[in-house]
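# Structural description and commentary
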Amino acid sequence: MLQRQEQGLTAAEGAMPIPIDSRKKPATVKVHVTSGAGVDITWSDGHASHYDFAYLREECPCATCNDERIRKSAMASAGPASAAALPMFKPKARAQAATTVGNYAIQITFTDGHATGIFSYDHLRSICPCPDCAKAFRAAGG
Ligand SMILES: [Zn+2]
Ligand SMILES: [Zn+2]
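Description of the structure in this document.

The rules we used
Each chain carries its own residue numbering, running from 1 in the direction its sequence is written. Key to labels: chains lettered from A, ligands numbered from 1, both in the order written. With the structure being a predicted model, the display of local features is reserved for residues of pLDDT at least 70 and the display and counting of side-chain atom pairs for 80 or more, all residues being used for whole-chain, interface and lining totals. The secondary structure listing takes helices from DSSP runs of H or I that are at least 4 residues long and strands from runs of E that are at least 2 residues long, numbered from the N terminus. Once C-beta atoms are placed from the backbone, each residue is buried if 20 or more other C-beta atoms lie within 10 Å of its own, exposed if 12 or fewer, and partly exposed for counts between those two. A pair of residues counts as a contact when their C-beta atoms, built from backbone coordinates, are separated by no more than 7 Å. Expected helix span is taken as 1.5 Å per residue step, with the number of steps being one fewer than the number of residues. For two strands to count as paired, DSSP must find a minimum of two bridges between them. Here an axis means a line fitted to C-alpha atoms, over the contact stretch when the element is a helix, while the angle between two N-to-C directions is reported on a 0 to 180 degree scale.

A count of helices and strands for the protein chain gives five helices and six strands. Along the protein chain, from the amino end to the carboxyl end, the secondary structure elements read β-β-β-α-α-α-β-β-β-α-α. The burial tally for the protein chain puts 13% of its 142 residues in the buried class. Across the protein chain, contacts joining residues at least 24 apart in sequence account for 40% of those joining residues at least 6 apart.

Okay, here's the thing in structure tokens:
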């Protein structure tokens, strides 16, 4: 006797389909590696973003840089003096090479040898440094 048994469907974690959001879909992507001018992206909704390589180095989304940022902000909240007392000189990072990853991200190799940062267009749109986006994101925080 056949009995239909419901398979315990576990939600496929992390396998969410990528939403097609025109704001996060680039129409044109230009990575100016040789001139060092940075990255220019025009989005499907017409918005244009420009990113310096140094800025992208700062905003690198990889685990190492994430940890570093968390440590830094923990240090800063421990006391402003300790953070200010670190006169670390860092030369401005530039890109040595850049490749596209599938159709969803750019991978940048920086002149300081760091190459694990994969910048998804989703992430890039959310860190757009233009005044309009900065306003939009800060407004959300209250
Ligand atoms: Zn990184
Ligand atoms: Zn913007």
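Between its first and last C-alpha, helix H2 (residues 63–78) extends 22 Å over 16 residues, near the 22 Å set by a 1.5 Å rise per residue. For H2, the buried fraction is low: zero of the 16 residues fall into the buried class.

Turning to the sheet that holds strand E2 (residues 38–43), a few remarks are in order. If you walk across this open sheet you meet the three strands as E1-E2-E3, and the pairing is antiparallel. Each edge of the open sheet is held by one strand with a lone partner, namely strand E1 (26–32) and strand E3 (48–51). Recorded for the sheet is a direction-independent mean angle of 10° between the axes of neighbouring strands. In the sheet, E1 pairs with E2 via six bridges, with the strands oriented antiparallel. Bridging from a neighbouring strand, Val-29 pairs with Ile-41 of E2.

This brings us to the sheet that holds strand E4 (residues 95–101). Strand pairs in the sheet, formed through backbone hydrogen bonds, run parallel or antiparallel to each other. Ordered by their spatial adjacency, three strands build an open sheet running E4-E5-E6, and the pairing between neighbours is antiparallel. Of all strands in the sheet, those bounded by a partner on one side alone are E4 and strand E6 (118–120). Sheet twist, expressed as the mean angle between neighbouring strand axes with direction ignored, is 25°. One ladder, built from six bridges, connects E4 with strand E5 (residues 105–110); its direction is antiparallel. Directly across from Thr-100, in E5, lies its bridge partner Ile-106.

Another point: the environment of Tyr-121. With respect to the helices, strands and loops of the structure, Tyr-121 is situated in helix H4 (residues 121–126). On the neighbour-count criterion, Tyr-121 (21 C-beta atoms within 10 Å) is buried. For the pair Tyr-121 and Lys-24, spaced 97 residues apart in sequence, the C-alpha separation works out to 6.0 Å. Excluding anything up to four places from it in sequence, Tyr-121 contacts Lys-24, Lys-25, Pro-26, Tyr-104 and Ala-105.

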